[in-house]
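Listed below are the residues making up each chain.
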Amino acid sequence: MSIQEKIKNVALAPLVGALMASAAWADQIPLTVSASAPSEVPASVSDGGFKIAVVRQLNVGDVYQAWITGVQEEAEKLGVELSIFNADGDNAKQALQLQQAVAEGPDAIVIGWGFGDSLQAGLEAASAAGIPVVASNASIEASDSVTLVNQSEHLMMEGIMQQMQSDMGGAVAGDMIYVYVAGYRPLDLRDEIWRKWKDANPGINEVAQIGVVNANTAAETANQAIAALQANPDTVAIVAPYDEFTKGATLAIQELGLEDKVKAYGMDISTADISVMIADKSPWVATATTDMKNFGRISLRVAAGEATDAYEGNNLEIPPLVITRDDLISNGVTNVDQLGEAFPGLSTPGLALAPWMN
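Since the model is a prediction, treat every value here as computed from it, not as a measurement.

(A) View of the layout of surface pockets. Space inside the second largest pocket adds up to approximately 250 Å³. Forming the walls of the second largest pocket are 15 residues, and the residues nearest its centre are Ser143, Asp144, Ser145, Glu306 and Gly313. A per-class count over the lining of the second largest pocket returns six nonpolar, five polar and four charged.

(B) Layout of the domain arrangement of the chain. Structurally, the chain comprises domain 1 (3-151 + 292-319) and domain 2 (153-289). Inter-centroid distance (C-alpha atoms) of domain 1 to domain 2 is 30 Å.

(C) Seen up close, helix H6 (residues 153-167). The end-to-end C-alpha distance of H6, which contains 15 residues, comes to 21 Å, matching closely the 21 Å that a straight helix rising 1.5 Å per residue would cover. When we look at burial in H6, the residues that qualify are Glu153, Met156, Met157, Glu158, Gly159, Ile160, Met161, Gln163 and Met164. Following H6 by one or two positions, Gly169 adopts a phi angle in the positive range, close to 80°.

(D) Examining the side chain of Arg301 more closely. Positionally, Arg301 belongs in helix H11 (residues 292-307). Residue classification places Arg301 among the buried positions, given a relative accessible area of 2%. Beyond its immediate sequence surroundings of up to four residues, Arg301 is in contact with Glu74, Leu78, Tyr311, Thr348, Pro349, Leu351, Ala352, Leu353 and Met357.

(E) Region of the structure containing the packing of aromatic side chains. According to the stated counting rule, one finds five aromatic pairs in the structure shown. Geometrically, the ring pair formed by Trp67 and Trp113 is edge-to-face, given 5.3 Å between the ring centres and 80° between the ring planes. Here Trp67 is found in helix H3 (residues 62-78), whereas its partner Trp113 is found in the loop between strand E4 (108-112) and helix H5 (116-128), with 46 residues between them in sequence. Judged by its relative accessible area of 0%, Trp67 is buried. Here Tyr242 and Phe245 contribute two aromatic rings whose centre-to-centre distance is 5.1 Å and whose plane-to-plane angle is 80°, an arrangement assigned as edge-to-face. Each member of the pair, Tyr242 together with Phe245, is buried.

(F) View of H5. Compared with the 18 Å implied by 1.5 Å per residue over 13 residues, the 17 Å span of H5 between its first and last C-alpha is a close match. Every buried residue belonging to H5 is among Gly116, Leu119, Gly122, Leu123 and Ala126, and all of these are buried. Packed against the buried residues of H5 are helix H4 (91-104), E4, strand E5 (133-136) and strand E6 (146-151).

(G) Layout of the confidence of the model for the chain. In the predicted model, the chain carries a mean pLDDT of 90, and the fraction of residues at 70 or more is 92%. Across residues 1-26, confidence stays below pLDDT 50; counting only partners more than four residues off in sequence or on other chains, it has 75 contacts.

The rules behind the values
- Residues numbered from 1 in each chain as written.
- Predicted model: local features only at pLDDT ≥ 70, side-chain atom pairs only at ≥ 80, totals over all residues.
- Heavy atoms only, no water.
- 1 Å grid on protein atoms, 1.4 Å probe; cavity = no way out; pocket = protein on both sides within 12 Å on 5 of 7 lines; lining within 4 Å.
- Points joined across faces, edges and corners; volume = space filled by probe spheres on them.
- Nonpolar A, V, L, I, M, F, W, Y, C, P; charged D, E, K, R; others polar.
- Domains from an automatic or database assignment.
- Helix = DSSP H or I, 4+ residues; strand = E, 2+ residues; numbered from the N terminus.
- Expected span 1.5 Å × (residues − 1).
- Buried < 20%, exposed > 50% of the residue type's maximum accessible area, 1.4 Å probe, protein only.
- Contact = heavy atoms within 4.5 Å.
- Phe/Tyr/Trp six-rings, centres within 6.5 Å; stacked < 30°, edge-to-face > 60°.
- pLDDT = per-residue confidence, 0-100.

Right, dumping it as structure tokens:
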């Protein structure tokens, strides 16, 4: 069976736009609940008609469905009406939908994924209308009118490197293949930590850097990884900090029968990822992740809080967990719906919780 055929059997999540292009991330101030935040449910909420628009660039696949489910659950809890726009990965369509959302006059807007360049006109319109915007996993700059909600990329990369250190008995060393493509915010932030670890651990020998981001990311990463492994037979690990990279790295290791010699360290999680990790003799031994349903809940919560003057600051990072292959197997986890029960640390119900939300 070819690599491309194996990729199809893994049931990969959508790829295009799953990563976000880099932006100038200046003017970020950590989000905190304001001392003056209302303690009672504001009249704008309790009287009904409190509305938040959600403008999604991506809406098909495990990750995106989990995120919107979290948004919907939190909206129901807080008594929020939702108006949901789905752009199906079309940047121009999302830009138009953002303008349409602004015209509806909601109390706040949540942008799920997307790019600041194409959304700039809509962001300016929202600002002019006094509508707060929450950018969730989107390549948009923080500002007085835009609040960012993201997973902590630095902590995620630190997590898998610490797990590697533990797996190696305390000394991180050996020939390693690194999967990285510059120009994407999460990958660039994760790369900062990789370079820090290389500087601090001279035993790490990066024998090859590979990677591609396109509609066939996992398949092409697998082909590149096969070539890199064949050229570097002493490789002990592939550091692949994006789940599509990790799927490709895993398939390459399996294709060459190197499961007992080479381990893959990845990032993110979905039902498809879990099936790869728990498969017999899988070399994907650890991933760092947040829970996308929890991510959605927090995104909606922050939007509701911004609309009711509950916060100070404009940047919130969600802490991740490191989950190992052994963790998944010992807890009998086979899909993302079982993650929350097995790993309660993925849920952060107190994060960005304004007093009135209780």
